[in-house]
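# Structural characterization, general
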Amino acid sequence: MSSPLRLGTRGSALAMAQSGHVAEALTAATGREVELVEVVTAGDRSAAPVHRLGVGVFVSALRDALTAGAIDLAVHSYKDLPTAGAAGLHIAAVPARQDPRDALVATGGRTLAELPPGAVVGTGALRRIAQLHALGLQLEVTPMRGNVDSRLRRVLGPDADLDAVVLARAGLARLGRTDVITETLDPMLMLPAPAQGALAVECRADDPDLVELLAVLDHAPSRAAVTAERALLATLEAGCSAPVAAYAVVAEGEPAGSSAGGDAGEEIYLRGAVISPDGTRDLRLSRTGTPADAAEIGKALAAELLELGADSILGHEGHTGPGTQQFGSTE
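Residues numbered from 1 in each chain as written. Predicted model: local features only at pLDDT ≥ 70, side-chain atom pairs only at ≥ 80, totals over all residues. Heavy atoms only, no water.

### What about the side chain of Arg-230?
To keep things clear, this is the line we draw: A helix here means a DSSP run of H or I that spans at least four residues, while a strand means a run of E at least two residues long, and both kinds are numbered starting from the N terminus. Only protein chains enter the accessibility calculation, which uses a 1.4 Å probe. A residue is then buried if its area is under 20% of the maximum for its type, exposed if over 50%, and partly exposed in between. All tallies of charge rest on Lys and Arg as positive and Asp and Glu as negative; His and the ends of each chain are not included. In what follows, salt bridge is the name for a side-chain nitrogen of Lys or Arg lying within 4 Å of a carboxyl oxygen of Asp or Glu. In protein, a polar contact means a hydrogen-donor-capable atom and an acceptor-capable atom, both N or O and within 3.5 Å, with residues adjacent in sequence counting only if both atoms are side-chain atoms; elsewhere, any N or O pair within 3.5 Å suffices.
On the secondary structure map, Arg-230 appears in helix H8 (residues 220-236). The buried charged residue Arg-230 lacks any salt bridge partner; its closest oppositely charged side chain belongs to Glu-229, at an N-O distance of 8.1 Å. Among the polar contacts listed, one links the side chain of Arg-230 to the backbone oxygen of Tyr-78, at a separation of 3.5 Å. A distance of 2.8 Å separates the side chain of Arg-230 from the backbone oxygen of Pro-82, its partner in a polar contact.

Below, the structure written as structure tokens:
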């Protein structure tokens, strides 16, 4: 019998839940046993705002453990990964993506439109803060950190001090907490972070047997969507505090309009946005093509955003160069 595969994961409830789902799926598909190994990251040890922690704070310890051979594979929230790849490591699978939209949890079961002017809304992402300001609802938006349960307590607990919080719907779904959602936010109002809701299963590139084994978990439409979104992010060279949003959908049923690559009848539709933190500048564009051209679609859309002046918005936030993105945990 082969020894169990050692799957490295952060220790938060959400990280353990999503890693557990991957472990179960892998065992079901291959018969190989998997054990979870908790790895503490720099992001877990700090209470500082995510955008001040630096690049890769939720992934570097996992990648170090992979490289050292302490674990065989790691599961990341894909949006935590810097856009530059890690030497010697390989993203072997992108499992089917959870709903990438953001979710509102508000007192009194209220929707975003039902919150009164001056209502206090908490969120950990500058992307969300910027888009909430851009809506012009006169909300008071406050930065926050912490795991899902600690954020929910600030709205639903006995010592609640907020009127609402905005979280990734995927995290609530993986924890079985969708019952607390008062509104799933339309991407037209709140465009998700690049790769939100997606997982990345990573292993060492020099382990071809494991690379092949993990490929059974790969979901091609999810990988194509994430590839497009992250190509946009990488081309923008956005720093960790720049509010950048992207959302790609792979749809079937209509010809993609190109015979080069991709399956007939498949099309990828990518939306991207760059928003100033105060919401006064909000650039949004979209582009379509075939899934096979996902990366090029992302690059082209980023180029169009830059032509419209996205670089001036990003410049205010600190232009840090490619491969240095860090948008914080799915939590």
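### Things to note about the pattern of salt bridges
Per the stated rule, a full pass over the model turns up 14 salt bridges. In this structure, the salt-bridge partner of Asp-99 is Arg-101, at a minimum N-O distance of 2.7 Å. Among the ionic pairs, Asp-149 bridges to Arg-177, the shortest N-O distance being 3.3 Å. In this pair, Asp-149 sits in helix H5 (residues 148-156) while Arg-177 sits in the loop between helix H6 (169-174) and strand S9 (183-184), placing the two residues 28 residues apart along the sequence. A relative accessible area of 35% places Asp-149 in the partly exposed class. Judged by its relative accessible area of 26%, Arg-177 falls in the partly exposed class. Linked through salt bridges whose partners overlap, the residues forming this network are Arg-6, Asp-72 and Arg-204.

### Side note on the pairing of strand S7 (residues 140-143)
To keep things clear, this is the line we draw: Pairing between two strands requires that DSSP report at least two bridges joining them. Here is how to tell: hold the view so the strands point away, follow the path from the first strand over the helix to the second, and if it runs clockwise the crossover is right-handed.
The pairing of strand S6 (residues 120-123) with S7 spans 4 bridges and is classified as parallel. Across the sheet, the residue bridging to Thr-123 is Pro-143, located in S7. Where the polypeptide runs from S6 across helix H4 (residues 126-134) and back to S7, its parallel neighbour, the crossover connection is right-handed.

### Observations regarding the sheet that holds strand S12 (residues 266-275)
What counts here: Simply put, an axis is a line fit to the C-alpha atoms, just over the touching stretch for a helix, and the angle between two N-to-C directions goes from 0 to 180 degrees. We call two residues contacting when some pair of their heavy atoms lies within 4.5 Å.
If you walk across this open sheet you meet the 3 strands as S11-S12-S13, and the pairing is antiparallel. Of all strands in the sheet, those with a lone pairing partner are strand S11 (244-252) and strand S13 (282-289), marking the two edges. For this sheet, the mean angle separating the axes of adjacent strands, direction not counted, is 15°. Pairing of S12 with S13, which is carried by 8 bridges, proceeds in the antiparallel orientation. Within S13, the residue paired with Arg-271 across the bridge is Ser-286. Sheet strands touched by helix H9 (residues 294-307): S12 and S13. Its angle to S13, the strand with the most contacts, is close to 150°.

### Description of the nonpolar core
Formally: Among the buried residues, those of types Ala, Val, Leu, Ile, Met, Phe, Trp, Tyr and Cys that are joined through side-chain atoms within 4.5 Å form a nonpolar core.
The biggest cluster of nonpolar side chains holds 22 residues, and the ones touching the most others in it are Leu-232, Leu-236, Val-244, Ile-268, Leu-270, Val-274 and Leu-305. Counting residues per element, the ones that place at least two in this core are H8, S11, S12, H9 and helix H10 (310-317). Sort the elements by how many residues they give to this core and H8 lands first, with 6 residues. In terms of nonpolar packing, the next biggest core, distinct from the first, is built from 16 residues, Leu-5, Leu-7, Ala-23 and Leu-73 among them.

These values are about where atoms sit, not about what they do.
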